[in-house]
Amino acid sequence: MMASHSFLLLVVLCCPTIAPSPAQQEPDCIVYNGDYMMCMWESLVSSGSNYSFYYRYEWEGASECKRYIKQQDLNIGCNFTKSELKFFHPFQIHLNGSHGARHLPIVSAKLQLQDRVKPNPPVNLTIRNISRNQLALSWKAEYKNDCLEFLVRFKSTTDTLPTEQNVNTFDFSYPSVDPEKQYTFQVRSKINKYCGNSVIWSEWSDAITWGKNATTPGASDVDFSVPTMLLTTMVSVFFLFVLFFVIRRERVWLIIVPNIPNPSKNFEELFQTHNGNFPEWAGMSKDIVDSFTPSYNETLCYVSEEPLPERGGGETGLCLLPETKPQAVSSTATDLPTGNSQQLPYTESCIPV
């Protein structure tokens, strides 16, 4: 008996043990939205030691972690893909610690993965008025809808602390609102009793506000504002396209942007169709055209200059009636000093003196 006690004391004094932290006696395994799982034992790590993680489902053989999460070359966690997760099957884990050549068991535990699910926070929070003094808050989830329950947190500008209320549906009605106040709402979710026995809540959703002087949603309200902004942009582009199409129609376009007049086109018909006949082009009647025609004839008077021999020339004037050609009349002129006679052409007409 004394020998066994001495051996145990020697082991304690000579061999350092790797004991779990009082705050956490087993690795913390969380299934994130059913997509993957992380088992972390960072709080169990002691200096100079490394760790090996083994797991198995009931009726299966044990396997070592395939994807360790490391920190300064020490294993502090294990990552599991979605294909490695089996809900409603007992999941056994075993963590070993090594210090040099010595391997010591740290902890063993049995888990139910459906109780370790942490859903993503709700998204697309929307507020609408259903009456003068009542609001309706609705949202969407990224996990199985029939496996969730929700917790709504709301607070007005005059409230000191927020109020929380459990909800089993995807909407929440808030009566007796004051339009002079501003209200802030947030929602989170967890697995309900029909799909597991979880106590792990999701993170709070982005906040949404309603009421007087409510601010425009910022970076924290991306899930709520992006769909609204996208819809508004699409509607605006559509109306601009329709407006541009209508304006481009010829009649509307000429009213808004009239063409610069081209004078040549106004007289094109005068010369091409009516051969320059202005009265015909202008649509004047024959009576009006005849009224501008003179009813009398004018005497045409031709004046010519014909030189006369030995007299230095002279002028001859000829006045003819219309349609009358001048007739040349011969006459004999006698040169008094010489006594010679000469035929001189002249025209019988009005001769200017």
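Everything below is about the structure printed above this text.
By convention here, each chain's residues receive numbers from 1 onward along its written sequence. Residue-level local features of this predicted model are given only where pLDDT is at least 70; pairs of side-chain atoms are given and counted only at 80 or more, and the full residue set underlies all totals for whole chains, interfaces and linings. Excluding hydrogens and water, the side-chain values take into account all heavy atoms of the structure.

**Q** Give me the overall build of the protein: which residues, what numbers.
**A** Helix numbering and strand numbering both begin at the N terminus, where a helix is a DSSP run of H or I of at least 4 residues and a strand a DSSP run of E of at least 2. Regarding its fold elements, the protein presents seven helices and 20 strands. Buried, partly exposed and exposed residues are distinguished by accessible area as a fraction of the type maximum, computed with a 1.4 Å probe on protein chains only: under 20%, between the cut-offs, and over 50%, respectively. Taking all 353 residues of the protein together, 25% fall into the buried category. Contact criterion: two residues are considered in contact whenever any of their non-hydrogen atoms come within 4.5 Å of each other. Relative to all contacts within the protein whose residues are 6 or more apart in sequence, the contacts with residues 24 or more apart total 56%. Each accessible area value is a Shrake-Rupley result obtained with a 1.4 Å probe; residue values ignore everything except the protein chains displayed when judging cover. Total accessible area on the protein is roughly 24,800 Å²; 57% of this is exposed by carbon and sulfur atoms.

**Q** Provide a residue-level description of the sheet that holds strand β10 (residues 123-131), including the pertinent values.
**A** In short, DSSP must find at least two bridges between two strands for them to pair. With antiparallel pairing, the three strands of this open sheet are ordered in space as β10-β11-β14. Looking at which strands have only one partner, the edges of the open sheet turn out to be β10 and β14 (171-175). If you compare each strand with its neighbour and ignore which way they point, the axes differ by 20 degrees on average. Relative to β14, strand β11 (residues 134-140) runs antiparallel, the two being bridged by five bridges. Bridging across to β14, Leu 135 finds its partner in Tyr 174. What counts as an axis is a line fitted to C-alpha atoms, over the stretch in contact for a helix, and the angles between N-to-C directions run from 0 to 180 degrees.

**Q** Tell me what's going on with the nonpolar core, and back it up with residues and numbers.
**A** Among the nonpolar cores identified, the biggest contains 45 residues, and Phe 53, Leu 137 and Phe 185 are the most heavily contacted of them. Boundary definitions for the domains trace back to an automatic or database domain assignment. Each of domain 1 (28-115) and domain 2 (120-211) accounts for three or more of the residues forming this core. What Phe 185 contacts, discounting residues up to four positions off in sequence, is Leu 125, Ile 127, Leu 135, Leu 137, Arg 153, Phe 154, Phe 172, Tyr 174, Asp 206, Ala 207 and Ile 208. The nonpolar core is taken to be a set of buried Ala, Val, Leu, Ile, Met, Phe, Trp, Tyr and Cys residues, with the residues joined through side-chain atoms within 4.5 Å.

**Q** Any chance you could break down the sheet that holds strand β13 (residues 163-167) for me, citing the residues and the numbers?
**A** The pairing of strands in a sheet happens through backbone hydrogen bonds and is either parallel or antiparallel. With antiparallel pairing, four strands are arranged side by side in an open sheet as β13-β12-β15-β16. Each edge of the sheet is formed by a strand with only one pairing partner; in this case those strands are β13 and β16 (208-211). The mean angle between the axes of side-by-side strands here comes to 25 degrees, regardless of whether they run parallel or antiparallel. Summarising the sheet, strand β15 (residues 182-191) and β16 pair through four bridges and their orientation is antiparallel. When the sheet's bridge partners are listed, Phe 185 is paired in β16 with Ile 208.

**Q** Tell me about the state of the cysteines, residues and numbers included.
**A** Any two cysteine sulfur atoms within 2.5 Å of one another count as a disulfide. Scanning all chains against the criterion turns up three disulfides. Paired by a disulfide, Cys 29 and Cys 39 hold their sulfur atoms 2.0 Å apart. Handedness of the Cys 29-Cys 39 disulfide follows from its S-S torsion of about 115 degrees: it is right-handed. With Cys 29 in strand β1 (residues 28-32) and Cys 39 in strand β2 (residues 36-40), this pair connects stretches of sequence that are 10 residues apart. The exposure class of Cys 39 is buried, given its relative accessible area of 0%.

**Q** Give me the lowdown on the pairing of β11, citing residues and values where you can.
**A** In this structure, β10 lies alongside β11, joined through six bridges in antiparallel fashion. Pairing of Arg 128 across the sheet is with Ala 136, part of β11. Hairpin connection of β10 to β11: two residues between the antiparallel strands.

**Q** I'd like a rundown of the side chain of Asn 75, residues and numbers included.
**A** By the secondary structure assignment, Asn 75 is in strand β6 (residues 74-80). Since its relative accessible area comes to 6%, Asn 75 is described here as buried. Nitrogen and oxygen atoms within 3.5 Å of one another constitute a polar contact, given that in protein one can donate a hydrogen and the other can accept it, and given that sequence-neighbouring residues count only through two side-chain atoms. Separated by 2.9 Å, the side chain of Asn 75 and the backbone oxygen of Tyr 51 make a polar contact. If we ignore the near neighbours within four places in the chain, the residues touching Asn 75 are Trp 41, Val 45, Asn 50, Tyr 51, Tyr 68, Ile 69 and Lys 70.

**Q** Pulling in residues and values, what's your account of the environment of Lys 140?
**A** Its location among the elements puts Lys 140 in strand β11. According to the relative accessible area criterion, Lys 140 is exposed, its value standing at 52%. When residues no more than four places from it in sequence are discounted, the contact partners of Lys 140 are Pro 122, Val 123, Asn 124 and Phe 170.

Function-wise, these values are silent; they only describe arrangement.
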